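# Coordinate analysis (summary)
Below are the chains, spelled out letter by letter.
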Amino acid sequence: MHVYIDESGSFSIPKRARRPSVSCVGALTIPTAQHDEIIDKFRELSRTWPNDRGEIKGRLLQEEHFDAALALYASCGILFEAVAIDLGTHDSTAILRHKMGAAANILKNVSNRMHPNVQRELKSMTATMHAISVPEYVQMVVMTTVVESVFRTNFRWLPLTAPRELSSFTWIIDGKELTPTEMERLWSKICLPWLQSRSLNNPLVTITEGDFSYLPADVVRELPEVPTHLAPHIRRPAQPFEYFEIKTILRNPTFADSAHHVGLQMADLAVSAVRRAMMGNLGDFGWERLGSLLIRRSEARAEVVTMVEIGDAPRRWVSRPHYYDVLRTLWRRALPSLPPDT
């Protein structure tokens, strides 16, 4: 499978929040078997659309463009995951404390028993975590959450609908500069341990009827029992101990310029539709088809667009924000948690 990840919004906390301030990260999964054909179809569809020096940008499009694109995506079996955060409800100090806590968690793993190079690497990661800005940290958290959502959805859906797509994983992420930024480099290093840690107590769900035979051999691991160093972190250890090797699935993510990747432009369109809908800047006709790309969670009533909160008890709006209704509509229109014929 090819997964394209892009963001929409500034991830900055407004100084005086009088209304929601939503930022999003989205991940578009394009079937590898039809990848080139789908890219060609989108090129043809968008040939006469508004663009920025030849690049399709969601901020430039109208409702009819979004509707046509999302209809194409649905007809091609494309899946979409989106994670959003309302920064109008957040406080900079609380997020900063959260960021410092993440830095402390990296540093506490440093031990004299480690090789000096490993110690230096962990200390360097800690220093970078301290140095990145609050918006960069927020984006890093949201991006990690969307990658986790891709894992959980695709490993539940694809074994039943397109198992061959599990044979390879290509991750392409919209990069902000010609070379990866400090935040992007840190994310590449820290995302794997974050996701592996989360999966220990909340394992990826596998479907008994699903075909996992196309997974690379080094993805699924089994040990007689939980390793000693992991046992304290697992609430209910099982024997044998089975787990997915996240680093194999997320091997070598590429940060790329969206001008050279139509797949990233397609992801930008989808995530822009989510954010503009949530902010009330896009009419229903432009975003309602998103539901045909989103898959409901296995947990009852969980939103199909995950809302992230960072830090201590973000505040609530007195009046219900517009995006509540958008999220409810998307849930109603979303695909079921499992394909209908299973």
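Scroll up for the structure.
Everything in this summary refers to the structure shown in the same document. These numbers come from a predicted model, not from an experiment. (Residues numbered from 1 in each chain as written. Predicted model: local features only at pLDDT ≥ 70, side-chain atom pairs only at ≥ 80, totals over all residues. Heavy atoms only, no water.)

## Side note on the overall build of the chain
Stated formally: By definition, any uninterrupted DSSP run of H or I lasting at least four residues is a helix, any uninterrupted run of E lasting at least two residues is a strand, and each is numbered from the N terminus. The globule rule used for comparison is 2.2 Å times the number of residues to the exponent 0.38, while the radius of gyration itself is calculated over C-alpha atoms. The cut-offs for exposure are 20% and 50% of the maximum accessible area for each residue type, with area from a 1.4 Å probe on protein chains only; residues under the lower value are buried, those over the upper are exposed, and the others partly exposed. His is not counted, nor are the chain ends; Lys and Arg add positive charge and Asp and Glu add negative charge. For the purpose of locating charges, the reference atoms are NZ of Lys, CZ of Arg, CG of Asp and CD of Glu.
From N to C terminus, the chain includes ten helices and eight strands. A globule of 342 residues ought to have a C-alpha radius of gyration of about 20 Å, and the chain, at 20 Å, matches this closely. Each principal axis of the C-alpha atoms in the chain carries an extent, and together these give about 60 × 50 × 40 Å. Within the chain, buried positions represent 51% of all 342 residues. When the 40 positive and 39 negative side-chain charges of the chain are each reduced to one mean point, those points stand 7 Å apart.

## Structural notes on the side chain of Asp67
This is how the line gets drawn: Within 3.5 Å is the distance limit for a polar contact, defined as a pair of N or O atoms, with the added protein rule that one can donate a hydrogen and the other accept it, and that residues adjacent in sequence qualify only through two side-chain atoms.
As for its placement among the helices and strands, Asp67 is situated in helix H2 (residues 63-75). Side-chain polar atoms of Asp67 contact the side chain of Arg289, separated by 2.6 Å.

## With respect to the sheet that holds strand E4 (residues 170-174)
Quick reminder of the rule: At least two DSSP bridges between two strands are needed for those strands to be called paired. Note on definitions: angles span 0 to 180 degrees between N-to-C directions of axes, and those axes are lines fitted to C-alpha atoms, for helices only across the stretch in contact. For this analysis, residues touch if any pair of their heavy atoms sits within 4.5 Å.
Reading across the sheet, the six strands line up as E7-E4-E1-E2-E3-E8 and stay open at both edges, with mixed pairing between neighbours. The sheet terminates laterally at strand E7 (254-256) and strand E8 (305-307), the two strands that pair on one side only. Here the average twist between neighbouring strands, direction ignored, is 20°. Direction of pairing for E4 relative to E7: parallel, over a ladder of three bridges. In the sheet register, Ile172 faces E7, and the bridge partner there is Thr254. Here helix H10 (residues 322-333) sits on the sheet in contact with strand E2 (22-30), strand E3 (79-86) and E8, set at roughly 140° to E8.

## Let's talk about the packing of helix H1 (residues 35-45) against helix H8 (residues 262-278)
Which entries qualify depends on this criterion: In a left-handed crossing the near helix is turned counterclockwise from the far helix by less than a right angle, and in a right-handed crossing that turn is clockwise. Under the convention adopted here, Pro, Cys and the residues Ala, Val, Leu, Ile, Met, Phe, Trp and Tyr are nonpolar, Asp, Glu, Lys and Arg are charged, and Gly plus all remaining residues are polar.
At their nearest, the axes of H1 and H8 sit 10 Å apart, and the two run at 65° to each other. Crossing of H1 against H8: the hand is left-handed. Where H1 approaches H8, its residues Ile38, Ile39, Phe42 and Arg43 are matched on the opposing element by Val262, Gly263, Met266 and Leu269. Broken down by class, the residue content of the contact of H1 with H8 amounts to six nonpolar, one polar and one charged.

## Some details on the pattern of salt bridges
Just so we agree on the cut-off: What counts as a salt bridge is simple: a side-chain nitrogen of Lys or Arg found within 4 Å of a carboxyl oxygen of Asp or Glu.
Applying the stated criterion across every chain, the model contains 16 salt bridges. Put simply, Glu37 and Lys41 hold a salt bridge, and the shortest N to O gap is 3.4 Å. One end of the pair, Glu37, and the other, Lys41, are both in helix H1, four residues apart, so they sit about a helical turn from each other. The exposure class assigned to Glu37 is partly exposed, which follows from its relative accessible area of 45%. Note on Lys41: relative accessible area 37%, which makes it partly exposed. In this structure, Asp67 engages Arg289 in a salt bridge whose closest nitrogen and oxygen atoms are separated by 2.6 Å. Note that Asp67 is positioned in helix H2 and Arg289 in the loop between helix H9 (284-287) and E8, a separation of 222 residues in sequence. For Asp67, a relative accessible area of 12% gives the class buried.

## Describing the nonpolar core
A general feature of soluble globular proteins is that nonpolar side chains tend to end up buried together. Operational definition: To form a nonpolar core, buried Ala, Val, Leu, Ile, Met, Phe, Trp, Tyr and Cys residues must be joined to one another through side-chain atoms within 4.5 Å.
Core analysis: the biggest nonpolar cluster contains 53 residues, and Ile5, Met129, Trp171 and Trp187 have the highest contact counts within it. With 14 residues, the single largest contributor to this core is helix H5 (residues 134-161). Discounting chain neighbours no more than four positions away, the residues touching Trp187 are Met140, Met143, Thr144, Val147, Ile173, Leu250, Pro253 and Phe255.

## Structural notes on empty space enclosed by the protein
Convention followed: Here a cavity is any set of points on a 1 Å grid over the protein atoms alone where a 1.4 Å probe fits but cannot get out, and a pocket is any open set with protein on both sides within 12 Å along at least 5 of 7 lines; a residue lines the site when it has an atom within 4 Å of a point. Grid points are joined across faces, edges and corners, and a volume is the space filled by probe spheres set on the points.
Applying the stated criterion across every chain, the model contains two cavities of 30 Å³ or more. There is about 30 Å³ of room inside the second largest cavity. Lining the second largest cavity are Ile5, Asp6, Glu7, Val25, Gln139, Met143, Ile173 and Asp174. Where the lining of the second largest cavity is concerned, the elements lending two or more residues are strand E1 (2-8), H5 and E4. No other element matches E1, which puts three residues into the lining of the second largest cavity. When grouped by side-chain class, the residues that make up the lining of the second largest cavity number four nonpolar, one polar and three charged.

## Some thoughts on the pairing of E3
Across the eight residues of E3, eight count as buried, placing the element largely inside the fold. Of the two faces of E3, the one holding Leu79, Glu81, Val83 and Ile85 and the one holding Phe80, Ala82, Ala84 and Asp86 are both buried throughout. In this structure, E3 lies alongside E8, joined through three bridges in parallel fashion. Its bridge partner lying in E8, Ala84 is registered against Met307.

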